[in-house]
Amino acid sequence: QVQLVESGGGLVQTGGSLRLSCAASGSIFSINDMAWYRQAPGKQRELVAAISSGGRLNYADSVKGRFTISRDNAKNTVYLQMNSLKPEDTAIYYCNANIQPGELGWSSYYWGQGTQVTVSS
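Described below are features of the structure shown in this document. (Residues numbered from 1 in each chain as written. Predicted model: local features only at pLDDT ≥ 70, side-chain atom pairs only at ≥ 80, totals over all residues. Heavy atoms only, no water.)

Digging into the overall build of the chain
Here is step 1 of the chain: Helix and strand content of the chain: zero helices and 11 strands.
Here is step 2 of the chain: Order of helices (α) and strands (β) in the chain, N terminus to C terminus: β-β-β-β-β-β-β-β-β-β-β.
Here is step 3 of the chain: Taking 14 Å as the expected radius of gyration for a compact globule of 121 residues, we find that the chain reaches 14 Å, a close match to that expectation.
Here is step 4 of the chain: The dimensions of the chain, computed from C-alpha atoms along their principal axes, are 45 × 25 × 25 Å.
Here is step 5 of the chain: In the chain, buried positions account for 40% of the 121 residues.
Here is step 6 of the chain: Within the chain, residue pairs in contact and separated by at least 24 positions form 56% of the contacts whose partners lie at least 6 positions apart. (Helix = DSSP H or I, 4+ residues; strand = E, 2+ residues; numbered from the N terminus. Rg over C-alpha atoms; globule rule 2.2 N^0.38 Å. Buried < 20%, exposed > 50% of the residue type's maximum accessible area, 1.4 Å probe, protein only. Contact = heavy atoms within 4.5 Å.)

So, in structure tokens, the structure goes:
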């Protein structure tokens, strides 16, 4: 079974930095796009940043210039470097990836379990 596991969340003060990691494991044939979403209490889940298999980037306007998404294809891992954090960034951050399983079935989107990021003021 394919799974995504996030790490790197925690508590940080305003202006601080965190680096989130998400590693895909299991029976994987290929990974297409990977992305980070976040969901704050009472809010809908929103796209934070995305990166395609070819390295094309997409960021939410609210994080442009502060967050950087990257991936290490050899490690099946996507990262989110978060700088200049604000209280508004407080949310559960979820990894998402479109993956074709090793069984060569249809590609599907998979979600990580989420990691909490809390930015104190």
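Examining the side chain of arginine 66
Here is step 1 of the chain: Locating arginine 66 in the fold gives a position in the loop between strand 6 (57-59) and strand 7 (67-72).
Here is step 2 of the chain: At 3.0 Å, the side chain of arginine 66 forms a polar contact with the backbone oxygen of serine 84.
Here is step 3 of the chain: Once residues lying within four places of it in the same chain are set aside, the contact partners of arginine 66 are Gln81, Met82, Asn83, Ser84, Leu85, Lys86 and Asp89. (Polar contact = N/O pair within 3.5 Å; in protein donor to acceptor, adjacent residues only side chain to side chain.)

Looking at the packing of aromatic side chains
Here is step 1 of the chain: Counted according to the given criterion, the structure contains two aromatic pairs.
Here is step 2 of the chain: Ring centres of tyrosine 37 and tryptophan 111 lie 5.0 Å apart, and the angle between their planes is 65°; this geometry places the pair in the edge-to-face category. You can see tyrosine 37 sitting in strand 4 (residues 28-39) and its partner tryptophan 111 sitting in strand 10 (residues 108-111), a full 74 residues away along the chain.
Here is step 3 of the chain: A relative accessible area of 39% means that tryptophan 111 is categorised as partly exposed.
Here is step 4 of the chain: Considering the side-chain rings of tyrosine 94 and tryptophan 111, the 6.4 Å spacing of their centres and the 85° angle between planes classify their relative orientation as edge-to-face. One end of the pair, tyrosine 94, is in strand 9 (residues 91-101); the other, tryptophan 111, is in strand 10, with 17 residues separating them in the sequence. (Phe/Tyr/Trp six-rings, centres within 6.5 Å; stacked < 30°, edge-to-face > 60°.)

Details of the pattern of salt bridges
Note that side chains of opposite charge can pair when their charged atoms are close.
Here is step 1 of the chain: Inspection of the entire model under this criterion finds four salt bridges.
Here is step 2 of the chain: Between glutamate 46 and arginine 38 there is a salt bridge; the shortest N-O distance is 2.8 Å.
Here is step 3 of the chain: Owing to a relative accessible area of 34%, glutamate 46 belongs among the partly exposed residues under this scheme.
Here is step 4 of the chain: In this structure, aspartate 89 and arginine 38 form a salt bridge, with 2.9 Å as the shortest nitrogen-oxygen distance. Of this pair, aspartate 89 sits in the loop between strand 8 (77-82) and strand 9 while arginine 38 sits in strand 4, and the two are 51 residues apart along the sequence.
Here is step 5 of the chain: Judged by relative accessible area, which is 6%, arginine 38 ranks as buried.
Here is step 6 of the chain: The structure contains a network of salt bridges with shared partners spanning Arg38, Glu46, Arg66 and Asp89. (Salt bridge = Lys/Arg side-chain N within 4 Å of Asp/Glu carboxyl O.)

Overview of the nonpolar core
Soluble globular proteins tend to pack their nonpolar side chains together in the buried interior.
Here is step 1 of the chain: Counting 30 residues, the largest nonpolar core has Trp36, Leu80, Met82 and Tyr93 as its most contacted members.
Here is step 2 of the chain: Where this core is concerned, the elements lending two or more residues are strand 3 (18-25), strand 4, strand 5 (46-51), strand 7, strand 8, strand 9 and strand 11 (115-120).
Here is step 3 of the chain: At five residues, the largest contribution of residues to this core is made by strand 9.
Here is step 4 of the chain: If we ignore the near neighbours within four places in the chain, the residues touching tyrosine 93 are Glu6, Leu20, Trp36, Tyr37, Arg38, Val48, Phe67, Leu80, Met82, Gly114, Thr115 and Val117. (Core = buried A, V, L, I, M, F, W, Y, C linked by side-chain atoms within 4.5 Å.)

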